[in-house]
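The primary structure of each chain is shown beneath.
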Amino acid sequence: MSDSHPQQPSPSPRSGRGESGGHGFAPEAATLMLAGARLADGRAVDVRLGGGRIQAVGTAGSLAAPALSRVDLGGYLLLPAPAEPHAHGDTALTADGEGPVSYTADEVQRRATEAALLQLGHGATAVRSHVRIGDVHGLGPLEAVLQARRSLRGLADLTAVAVPRLLTGTAGADGLAMLRDAMKMGASVIGGCPDLDPDPTGFLEAVLELASEHGCPVDLHTDGDDPGRLSRLAAMAGGLRPGVTIGPCGGLSRLPLDVAARAAEQLAAAGVGVTCLPQGDCAALERRGLRTAPVRLLRAAGVRVCAGSGALRDAGNPVGRGDPLEAAYLLASQGGLRAGEAYDAVSAAAREAMGLPEVRVEAGFPAELLAVRGDRIAGVLSLAYSRIVIHRGRVVARTSAVREYCDSAVAVALDLPRQGRTEAGP
């Protein structure tokens, strides 16, 4: 079985003449028809897109489609697209390099762009990337990620989180000044790791004050193994708009059950969301082997929980895939969630955490969609290979997998599924 790498669509003529079928990249026509898709509730439908939104959803074959671009989605499940709420584009794809990691502008931009395209190929049409600022590299990595964001416009939405190391004491004064500069440059979320600052409470105060001043979200790294610190965070963050998210919070799983439950209730009451990382740790906490946050306990307390990928082949996880569907698979296989709940954690809940509009496969909603070969969510989480990604109403990425069996008697007798060439193989 082979997976193709995400590909950037080739420029298409704007004559309005669409493709007659198949799964190629659709031209940037005003309207696109997705034909014969299956929805999560089992219905087979046609979906008409236009102006970056879903115009109509009807029973398969019921929507008129004269002169429209068309993509045949027979055999595919059509879902709201995932979003990636916790990426690290500046460090992605560095695990295999020799010697120190390069943080030149060109290298960081290349890594951030390639990582975002890989995640787009998996289905994530929006990515929130945490970017370290300060130390010897200053604001250079952030500027490179912002340049990557500009180059990806039309393919995927990339958001930068400014992540300072220290914000308190003499050393923290420079970090605070640099954080202010980062917000002026174009970072739209304030991040950081209070656990690593000598004064975690002071770090939180500085972050929340600046976020309130700029009216921007906060997205912090924390292990979550200190219930007192979580309680103070909840008390300080309550009511902040547009909101506070923390993660990966694997340390909550190591606390006594009653202590963890009490912390979860405090976070829920304050409206603080949690982004868990089922695929493994990220390098920002400078620790390894953390357990996944207790997702069921958090959800039972009313905490908004979403799931991210974290490290993508960097020091935090040298084999990280950056695949939202793998995160959902792990939540279903190990986290105790139903398949639909697990997918919601990487789609609707992730979009909510990122402040993005809700997506449903219904008329009027944004055309941010993922088609995966299969007929049920549980099935696509198990074998989600072939995917077609739609961003702002057009096909922006396609991954095709081919599985073939030799012409043996048992394969014929069992009528095993076969994709790919119909002619005899070599």
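Note that the coordinates shown come from a computational prediction; the quantities given were computed from them, not determined experimentally.

(A) Fine view of the packing of helix H3 (residues 169-185) against helix H4 (residues 200-214). One can describe the packing of H3 onto H4 by two numbers: an axis separation of 12 Å at closest approach and a directional angle of 25°. The pairing of H3 with H4 is recorded here as roughly parallel in orientation. In terms of crossing hand, the pair formed by H3 and H4 is right-handed. Residue-level inspection shows Leu176, Leu179, Arg180 and Met183 of H3 in contact with H4, the latter providing Ala206, Leu210, Glu213 and His214. Classifying every residue of the contact of H3 with H4 gives five nonpolar, one polar and two charged.

(B) How the structure looks around the environment of Ala160. Within the secondary structure layout, Ala160 lies in strand E9 (residues 157-163). A residue is classified by how much of its surface remains accessible, and Ala160, at 1% relative accessible area, is buried. In this structure the C-alpha to C-alpha distance between Ala160 and Ala187, which are 27 residues apart in sequence, comes to 5.1 Å. The contacts of Ala160, once residues within four sequence positions are left out, are Ser129, Leu142, Val145, Leu146, Ala187, Ser188 and Val189.

(C) Quick peek at the environment of His214. Take His214: it is sitting in helix H4. For His214, a relative accessible area of 36% gives the class partly exposed. Separated by 31 residues in sequence, His214 and Met183 place their C-alpha atoms 8.2 Å apart.

(D) View of the pairing of strand E6 (residues 76-80). The element E6 is extensively covered by neighbouring structure, given that five of its five residues are classed as buried. The sheet contact formed by E6 and strand E15 (residues 369-373) spans five bridges and is antiparallel. Directly across from Leu78, in E15, lies its bridge partner Ala371.

(E) Geometry of the pairing of E9. Across the seven residues that make up E9, a large majority, five, are buried. Relative to E9, strand E8 (residues 126-132) is paired through seven bridges, and the arrangement is parallel. What sits directly across from Arg132, in E9, is Val163. After leaving E8, the chain enters helix H2 (residues 140-151) and then returns to the sheet as E9, a path that is right-handed.

(F) Main features of the environment of Pro217. Looking at where Pro217 falls in the secondary structure, it is placed in the loop between H4 and strand E11 (218-222). Along the chain, Pro217 and Gly355 lie 138 residues apart, while their C-alpha atoms are 8.6 Å from each other. Residues contacting Pro217, with those up to four places away along its chain left out, are Arg128, Ser188, Val189, Ile190, Pro242 and Gly243.

(G) Broad picture of the pattern of salt bridges. Scanning the model with the defined rule gives 17 salt bridges in all. One salt bridge in this structure joins Arg180 and Glu213, with 3.1 Å as the shortest N-O distance. Placement of the pair is Arg180 in helix H3 and Glu213 in helix H4, with a sequence separation of 33 residues. By relative accessible area, which is 30% here, Arg180 ends up partly exposed. For Glu213, a relative accessible area of 49% puts it in the partly exposed group.

(H) Main features of the state of the cysteines. Evaluated as defined, the whole model comprises zero disulfides. Here Cys249 stays unpaired: no disulfide links it, and the sulfur of Cys276, its closest cysteine neighbor, is 9.3 Å away. The cysteine Cys306 is free of any disulfide, with Cys276 supplying the nearest cysteine sulfur at 7.1 Å.

(I) Representation of the nonpolar core in the model. In terms of nonpolar packing, the biggest core is built from 83 residues, with Leu142 and Ile246 touching the most fellow members. In terms of residue count, H4 provides more of this core than any other element does, seven residues in total. Excluding residues that lie within four positions of it along the chain, Leu142 makes contacts with Val131, Ile133, Ala160, Ala182, Met185 and Ala187. Counting residues in each nonpolar core, the second largest holds 21 residues, with Leu39, Val359, Val361 and Val395 among its members.

Cut-offs used in this document
- Residues numbered from 1 in each chain as written.
- Predicted model: local features only at pLDDT ≥ 70, side-chain atom pairs only at ≥ 80, totals over all residues.
- Heavy atoms only, no water.
- Axes fitted to C-alpha atoms, helices over the stretch in contact; angles between N-to-C directions.
- Helix = DSSP H or I, 4+ residues; strand = E, 2+ residues; numbered from the N terminus.
- Parallel < 35°, antiparallel > 145°, perpendicular 65-115°, else oblique.
- Left-handed = near helix turned anticlockwise from the far one by under 90°.
- Contact = heavy atoms within 4.5 Å.
- Nonpolar A, V, L, I, M, F, W, Y, C, P; charged D, E, K, R; others polar.
- Buried < 20%, exposed > 50% of the residue type's maximum accessible area, 1.4 Å probe, protein only.
- Pairing = 2+ DSSP bridges.
- Right-handed = clockwise from strand over helix to strand, strands pointing away.
- Salt bridge = Lys/Arg side-chain N within 4 Å of Asp/Glu carboxyl O.
- Disulfide = S-S within 2.5 Å.
- Core = buried A, V, L, I, M, F, W, Y, C linked by side-chain atoms within 4.5 Å.

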